Amino acid sequence: AMLYKAKGVYHISGKDIELSYNGKEGLYLVPGDATLERIKINKNGGHGLFGYGVIKINGTENQIRENQGSGIAGGGGEFSIDGAEIVKNKGAGLLSSSSNISINVNGTTPINPNYVTRIDSNGSGIFAKLVDISGYNLSVSNNGYQNENISPFAAILGNKLTLENVKVVNNKSEGIHG
């Protein structure tokens, strides 16, 4: 992995990275941009990945699991995820205050047509009330049951939703809330 700072912004890029069992976030970038591939961000005391900037997760061999906060959280840029298993996090699978989210899609073109990104069994699915969400081949299921201390939000909550081949099933609250 390579980490550097330019003009006050942290940048990290790397492959085959594990960030697990940390007391707080697995990866904390404020402000910061990340380009990652083949990552495992599991069982951290806070969010798996927290960033204000552009977060790109390439490839399909990515796990963000069982973190005490959200799987990926932040804002101020863009979240672009080719493919991942984002499961069993106490907070949302994806939590964004101001970053648009694209999952397995570049514009309107699918990146990995045969891969299904899973956002399953989190405190809530995708919570991004003020941002746009686009996704292809996405499973958002069984969310809202992980954290009994919070009321679950919709499985997918966003401003403008562009979704194709998406399965939203067995969530504790609404499936999709626009």
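A quick note: this is a predicted structure, and the numbers were derived from the prediction, not measured. (Residues numbered from 1 in each chain as written. Predicted model: local features only at pLDDT ≥ 70, side-chain atom pairs only at ≥ 80, totals over all residues. Heavy atoms only, no water.)

### A closer look at the overall build of the protein
Note the following rule: Secondary structure is summarised from DSSP: a helix means a run of H or I of at least four residues, a strand means a run of E of at least two, and numbering begins at the N terminus for each. With the radius of gyration taken over C-alpha atoms, the globule rule is written as 2.2 Å times the number of residues to the power 0.38. The classification of residues rests on relative accessible area computed with a 1.4 Å probe and restricted to protein chains. Under 20% of the type maximum is buried, over 50% is exposed, and intermediate values are partly exposed. Only heavy atoms enter the contact rule, under which two residues are in contact if any of them lie within 4.5 Å. The accessible surface values rely on the Shrake-Rupley method and a 1.4 Å probe; as for residues, cover is taken only from the protein chains in view. The positive count covers Lys and Arg only, the negative count covers Asp and Glu only, and His and the chain ends enter neither. Where a charge lies is defined by one atom per residue type: Lys uses NZ, Arg uses CZ, Asp uses CG and Glu uses CD.
Regarding its fold elements, the protein presents zero helices and 16 strands. For 178 residues, the compact-globule estimate of 2.2 N^0.38 gives 16 Å, and the C-alpha radius of gyration of the protein, at 15 Å, lies within 12% of that figure. Its C-alpha atoms put the protein at 40 × 35 × 30 Å along the principal axes. Each of the 178 residues in the protein was classed as buried or not, and the buried ones make up 49%. Within the protein, contacts between residues at least 6 apart in sequence are counted, and of these 39% link residues at least 24 apart. With the model as given, the accessible surface of the protein reaches about 8,400 Å², and the carbon-plus-sulfur share is 46%. In the protein, 16 side chains carry a positive charge and 15 a negative one; their mean positions are 3 Å apart.

### A word on the side chain of Thr117
Relative to the helices and strands, Thr117 is located in strand S13 (residues 117-120). The residues contacting Thr117, other than those within four sequence positions of it, are Asp82, Gly83, Ala84, Ile103, Asn104, Asn137, Leu138 and Ser139.

### Examining the environment of Gly175
Structurally, Gly175 is set in the loop between strand S15 (156-169) and strand S16 (176-177). The contacts of Gly175, once residues within four sequence positions are left out, are Ala154, Ala155, Ile156 and Val168.

### A word on the environment of Leu36
Positionally, Leu36 belongs in strand S4 (residues 32-42). Residue classification places Leu36 among the buried positions, given a relative accessible area of 3%. Distance from Leu36 to Pro113, taken between C-alpha atoms, is 20 Å for residues 77 residues apart in sequence. Other than its neighbours up to four places away in sequence, Leu36 contacts Ile12, Gly14, Ile17, Leu27, Leu49, Lys56, Ile57 and Asn58.

### Digging into the packing of aromatic side chains
Rules: Two rings belonging to Phe, Tyr or Trp (six-membered ring only in the last case) form a pair when the distance between their centres is within 6.5 Å. Interplanar angles under 30 degrees mark stacking, angles over 60 mark edge-to-face geometry, and anything in between is tilted.
On inspection of all chains with the given rule, the structure shows two aromatic pairs. Relative to Phe50, the ring of Tyr28 lies with its centre 5.5 Å away and its plane at 10°, an arrangement referred to as stacked. Of this pair, Tyr28 sits in strand S3 (residues 27-29) while Phe50 sits in strand S5 (residues 49-58), and the two are 22 residues apart along the sequence. The class for Phe50 is buried, based on a relative accessible area of 17%. With centroids separated by 5.7 Å and ring planes inclined at 55°, the aromatic side chains of Phe50 and Tyr52 adopt a geometry described as tilted. Taken together, the ring pairs in this structure connect Tyr28, Phe50 and Tyr52 into an aromatic cluster.

### Things to note about the pattern of salt bridges
The condition is simple: The term salt bridge refers to a pairing of a side-chain nitrogen on Lys or Arg with a carboxyl oxygen on Asp or Glu at a separation within 4 Å.
For the structure on display, the rule yields six salt bridges. Two residues, Arg38 and Glu37, come together in a salt bridge whose shortest N-O distance is 3.6 Å. What you see here is one network of salt bridges that share partners, running through Arg65, Glu85, Arg118 and Asp120.

### A look at the side chain of Ser139
For Ser139, the location among the structural elements is in strand S14 (residues 124-141). What Ser139 contacts, discounting residues up to four positions off in sequence, is Val116, Thr117, Arg118, Ile119, Asp120 and Lys167.

### Let's talk about the nonpolar core
Filter applied, for reference: Only buried Ala, Val, Leu, Ile, Met, Phe, Trp, Tyr and Cys residues count toward a nonpolar core, and they belong to the same one when joined by side-chain atoms within 4.5 Å.
Ranked by internal contacts, the top residues of the largest apolar core, which has 29 residues, are Leu36, Ile72, Ile86, Leu94, Ile101, Ile119 and Ile126. Every element with two or more residues in this core is listed here: strand S2 (9-18), S3, S4, S5, strand S7 (72-81), strand S10 (100-103) and S14. For this core, the element with the most residues is S14, which contributes six residues. If near-sequence neighbours (up to four positions away) are discounted, Ile86 is found in contact with Ile64, Gly71, Ile72, Ile81, Gly93, Leu94, Arg118, Ile119, Asp120 and Asn122.

### Section: the confidence of the model for the protein
Filter applied, for reference: On a scale of 0 to 100, pLDDT captures the predictor's confidence in every residue.
In this model, the protein carries an average pLDDT of 90, and 96% of its residues clear a pLDDT of 70 or more. The element-level mean pLDDT for the protein is lowest in strand S1 (residues 2-6), coming to 72, with strand S6 (residues 63-65) highest at 98.

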